[in-house]
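# Results of the structural survey
If you want the building blocks of each chain, they are given just below.
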Amino acid sequence: MANRAYKFRIYPNDEQRILFAKTFGCVRMVYNYWLDRKIRQYEENKTNVTYTVCAKEMAAMKKTDEYAFLKEVDSVSLQQSLRHLDAAFQNFFRQPKAGFPKFKSKKQNKKSYSTICINGNIAILNGYLKLPKIGQVHLKQHRIIPEEYSLRSVTVSQTPSGKYYASILFEYE
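Heads up: these notes are all about the structure in this document. (Residues numbered from 1 in each chain as written. Predicted model: local features only at pLDDT ≥ 70, side-chain atom pairs only at ≥ 80, totals over all residues. Heavy atoms only, no water.)

### Structural notes on the pairing of strand S5 (residues 135-140)
Rules: Two strands qualify as a pair provided that DSSP identifies no fewer than 2 bridges between them. Secondary structure is summarised from DSSP: a helix means a run of H or I of at least four residues, a strand means a run of E of at least two, and numbering begins at the N terminus for each.
The sheet contact formed by strand S1 (residues 2-11) and S5 spans three bridges and is antiparallel. Of the residues in S5, the one forming a bridge with Tyr-11 is His-138. Here four bridges tie strand S4 (residues 128-131) to S5, and the two strands are oriented antiparallel to one another. Bridge pairing in S5 places Tyr-128 opposite His-138. As consecutive antiparallel partners, S4 and S5 are separated by three residues, and within that stretch Lys-133 has a phi angle of approximately 70 degrees, a positive value.

### Some remarks on the layout of surface pockets
Which parts of space are left empty comes out when a probe the size of a water molecule is rolled across the atoms. What counts is decided by this rule: Of the grid points, spaced at 1 Å and generated over the protein atoms alone, those admitting a 1.4 Å probe that cannot get out make up cavities, while open sets with protein on both sides within 12 Å along at least five of seven lines make up pockets; any residue with an atom within 4 Å of a point is treated as lining. Grid points are joined across faces, edges and corners, and a volume is the space filled by probe spheres set on the points. Residue classes follow a fixed rule: Ala, Val, Leu, Ile, Met, Phe, Trp, Tyr, Cys and Pro count as nonpolar, while Asp, Glu, Lys and Arg count as charged, and any other residue, Gly among them, counts as polar.
Looking at the largest pocket, its volume works out to about 370 Å³. Lining the largest pocket are 21 residues; nearest its centre among them are Phe-24, Val-27, Lys-104, Lys-111 and Ser-112. Looking at the lining of the largest pocket, the elements that each hand over two or more residues are helix H1 (14-45), helix H3 (75-94), strand S2 (111-116) and strand S6 (150-158). The element that contributes the greatest number of residues to the lining of the largest pocket is H1, accounting for six residues. When the residues that make up the lining of the largest pocket are grouped by side-chain class, the tally is five nonpolar, 11 polar and five charged.

This is how it looks when you write it as structure tokens:
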């Protein structure tokens, strides 16, 4: 099995832009919250907080009134940010040259989030990209994707100039 990614420009409407902004913010908040938690845990006990512990606690956290806004965005994208954090920590401990994971800045120029395809929640249909919680976003598809390719994940990003892109990962034999 091999992977291939295609990057397409997407054109969200105003409502979808707001949802994208909320998702970018929530993913950043979750990443920073758990990075802080992992740092404190390591300083106190010299132990690591694993991904499964983080995911369980985040599910409980979403039920509180203080973090109820996390329900508005795609839950898989929040889990993916925890996976990215866990991978960054593992890379640091395996190869210190990789550098310690850094907090994500609100003023960061490039915003992005990733989500994976589960039970067909992501699809490309007639010039539109169907995303969880966002709906169908107009897609400028300039390449034909072979039928035998199966969709694996999507990373939605926003450039500093305000353009939106979707990097879509496919798996094939």
